[in-house]
Amino acid sequence: MNPLALELNEKLDKEYPALLNMLSDLGQSMYYPKGILSQSGEAKSTKYNATIGMATTDEGIMYTDAVYNQFGDQDPSDIFPYAPPQGDERLRALWEKKILKDNPELVAEDISKPVVTNALTHGLSLAGDMFVNPGDTVLLPEHNWGNYKLTFGVRHRANIETYQAFEEDGSFTLDYFKQALENFNKEKVILVLNFPNNPTGYTPVEEEVKTLVESIKQLADKGTQVITLVDDAYYGLFFEDVYKQSVFTALTQLNHENVMPVKIDGATKEYFAWGFRVGFLTFGSKNETVKDVLVAKLKGLIRSNLSSGSLPSQTAVIHAMEDPEFQSQVDHNINILKERYEVTKEVSYRDEYKELWTPYAFNSGYFMAVKLADVDPEELRLHLIKEYSIGIIALNKTDIRIAFSCIEKSDIEYVFETIAKAIKDLK
Ligand SMILES: Cc1ncc(COP(=O)(O)O)c(C=O)c1O
């Protein structure tokens, strides 16, 4: 193992040995090299800086007008250079401030500075690199974002297990989650917690979060090391009286030796900036040395798979977050989604559809899902495209997902009426 990795691991072993155990083999081997990036960092203020892999003139960074003209009045130095692997420091500071504002019970000392990722998928994959060994168990609800299977199941060769999160009548339940944790008897588990959930659009209420965290605590008390990956992709899209902080906050408050909280979030959905690829990964720990070690290893992981994220995207998010009008523009969009949610809720639960489907409880996010009574979801999906020009997602053998985020409020009733008609066509 590289001496720099050994040095990082020794620090962990001294400060928090349980965490060293939670790391994957790759996580243990990883370090941030004292290579070109460190050396050019140290040479930043020199007169003749011949260290960096970019091109410069005495005026600054070299660029072409054809590219520069796409960026309005931005400073070329905020567009063309490489971003650092951990991301632009101004953006990291802005995001940290945002997280602390959104989560009044989160204590600044309990978290690392957020590290910029190439949006959430990259953050989840990095978390997998850091914590998941082949054969480790990743525990997910039955209704989960399909890409977890690729990330953790295929890429990291984890053993994916699922638990039921909804009763037959569509109501949310933690009973099966509790059971799954009570029966869990291995040394390590990776829990992915995603609220608002894709595909069901459910976020727990405060009491449910307490139950969820208590179950995690009981498992950790028995000695299992629990890595909690909190996927906050749809954070903030809350349309009812739900727990409006991140579950990450509740997990950091546990302050349990066997629980490692990791928050993965970003501009993608929260700021309606899907293609920008700006996300963040934040560790929950009080210990400064531990946070430094984890961030150093994460920087090494980023350096080795992406080198660094896109600076123009990061600059755009910085400028947006500093714009006094920005939050009201975001709120305006959220309000449009809320209005669509309200119509969807009213329409999808109508008595006339009771024979055809059962909605899963939903209160947030982009989506809702229903369990179909006796029609094959894939058959229905194809029929809806062909005969009615409506696109939905067939989730499995019984369920479909409908993204109300993409349907105008005035069209929602028609879409549900037509889905009902299409089901009847197929019966
Ligand atoms: C639950 C969930 N997590 C993560 C992502 C990925 O986000 P990103 O586009 O930022 O990689 C998505 C995207 O659909 C998602 O639904």
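Residues numbered from 1 in each chain as written. Predicted model: local features only at pLDDT ≥ 70, side-chain atom pairs only at ≥ 80, totals over all residues. Heavy atoms only, no water.

(A) Expanded view of a negative patch on the surface. Where like charges cluster on the molecular surface, the negative patch consists of E105, E206, E240 and D241. Position of D241 relative to the elements: it lies in the loop between β7 (225-231) and α11 (247-254). (Patch = residues over 30% accessible without salt bridge, like charges linked within 9 Å, V, L, I, M, F, W, Y side chains within 5 Å. Areas by Shrake-Rupley, 256 points an atom, 1.4 Å probe, with all protein chains shown as cover. Salt bridge = Lys/Arg side-chain N within 4 Å of Asp/Glu carboxyl O. Lys, Arg positive; Asp, Glu negative; His and termini not counted. Charge placed at Lys NZ, Arg CZ, Asp CG, Glu CD. Helix = DSSP H or I, 4+ residues; strand = E, 2+ residues; numbered from the N terminus.)

(B) Focus on the nonpolar core. With 123 residues, the main nonpolar core has F131, I216, F283, W357, L380 and I419 as its most contacted residues. For this core, the leading source of residues is helix α13 (residues 288-305), giving 8 residues. Residues contacting I419, with those up to four places away along its chain left out, are W357, L380, L384, I392, I400 and I402. (Core = buried A, V, L, I, M, F, W, Y, C linked by side-chain atoms within 4.5 Å. Buried < 20%, exposed > 50% of the residue type's maximum accessible area, 1.4 Å probe, protein only. Contact = heavy atoms within 4.5 Å.)

(C) Geometry of the site of the ligand. Close to the ligand lie 13 residues; T121, N198, D231, Y234 and T268 are nearest. Between the ligand and D231, the relevant distance is 2.6 Å, taken from a nitrogen atom to a side-chain nitrogen or oxygen of the residue. In the model, an oxygen atom of the ligand is placed 2.6 Å from a nitrogen or oxygen of the Y234 side chain. Notes on the ligand: free accessible area 400 Å², of which the protein chains cover 91%. Looking at the shell around the ligand, the elements with two or more residues in it are α7 (120-131) and α12 (267-270). Split by residue class, the shell around the ligand holds 6 nonpolar, 4 polar and 3 charged. (Near = heavy atom within 4 Å. Polar contact = N/O pair within 3.5 Å; in protein donor to acceptor, adjacent residues only side chain to side chain. Nonpolar A, V, L, I, M, F, W, Y, C, P; charged D, E, K, R; others polar.)

(D) Representation of the side chain of D88. Mapped onto the secondary structure, D88 falls in the loop between α5 (65-68) and α6 (89-102). According to the relative accessible area criterion, D88 is buried, its value standing at 10%. Not counting the four nearest positions on each side in its chain, D88 is found in contact with V116, L311, Q314 and I318.

(E) Spatial organisation of the domain arrangement of the protein chain. The domains assigned to the protein chain are domain 1 (3-31 + 85-322), domain 2 (33-72) and domain 3 (327-426). Between the C-alpha centres of domain 1 and domain 2 the distance comes to 33 Å. The partner domain 2 presents 4 residues to the 5 residues of domain 1 that form the contact. When the buried area of domain 1 at its contact with domain 2 is split by residue, L4, Y31 and R303 rank highest and sum to 72% of it. Counting across the interface, domain 1 meets domain 2 through 0 salt bridges. Linking domain 1 to domain 2 there are 0 residue pairs in polar contact (both at pLDDT 80 or more). (Domains from an automatic or database assignment. Buried area = accessible area lost by both parts, 1.4 Å probe.)

(F) A look at the sheet that holds strand β6 (residues 188-194). Read from one edge to the other, the open sheet built from 7 strands follows the order β3-β9-β8-β7-β6-β4-β5, with strand pairing classed as mixed. Bordering the open sheet on either side are β3 (115-117) and β5 (159-163), each of which pairs with just one other strand. Strand after strand, the sheet turns through a mean of 25 degrees between neighbouring axes, direction not considered. Bridge count for strand β4 (residues 137-141) against β6 is 3 bridges, and the pairing is parallel. Along β6, the bridge assignment pairs T137 with V189. (Pairing = 2+ DSSP bridges. Axes fitted to C-alpha atoms, helices over the stretch in contact; angles between N-to-C directions.)

(G) Examining empty space enclosed by the protein more closely. One pass over the full model with this rule turns up 4 cavities of 30 Å³ or more. Within this model, the largest cavity holds a volume of roughly 120 Å³. Taken together, 15 residues line the largest cavity, and the ones lying closest to its centre are P141, Y163, A165, F172 and F195. Here the element with the most residues in the lining of the largest cavity is β6; it accounts for 3 residues. (1 Å grid on protein atoms, 1.4 Å probe; cavity = no way out; pocket = protein on both sides within 12 Å on 5 of 7 lines; lining within 4 Å. Points joined across faces, edges and corners; volume = space filled by probe spheres on them.)

(H) Inspection of the sheet that holds strand β11 (residues 367-372) at higher detail. Read from one edge of the open sheet, 4 strands run β10-β11-β13-β12, paired in antiparallel fashion. Because the sheet does not close on itself, it has two edges, and the strands there are β10 (357-359) and β12 (393-394). Both β10 and β11 contribute to a ladder of 3 bridges, which runs antiparallel. Bridged to T358 within β11 is K371.

(I) Spatial organisation of the packing of aromatic side chains. A full pass over the atoms with the stated rule returns 26 aromatic pairs. Between W95 and F280, the aromatic rings sit 4.2 Å apart at their centres with planes inclined by 10 degrees, giving stacked as the arrangement. With W95 in helix α6 and F280 in strand β9 (residues 279-283), the pair connects residues that are 185 residues apart, well separated along the chain. With respect to class, W95 is no different from F280; both count as buried. Look at Y341 and F362: their rings are 5.6 Å apart centre to centre, the planes differ by 80 degrees, and that puts the pair in the edge-to-face class. You can see Y341 sitting in helix α15 (residues 326-348) and its partner F362 sitting in the loop between β10 and β11, a full 21 residues away along the chain. Put simply, the rings of F239, Y341, Y349, F362 and F404 pair up and form one aromatic cluster. When the ring centre of W95 is taken as origin, the NZ or CZ atom of K98, which lies over that ring, is 4.8 Å away. When the ring centre of F362 is taken as origin, the NZ or CZ atom of K345, which lies over that ring, is 4.9 Å away. (Phe/Tyr/Trp six-rings, centres within 6.5 Å; stacked < 30°, edge-to-face > 60°. Lys NZ or Arg CZ within 6 Å of the ring centre and 35° of its normal.)

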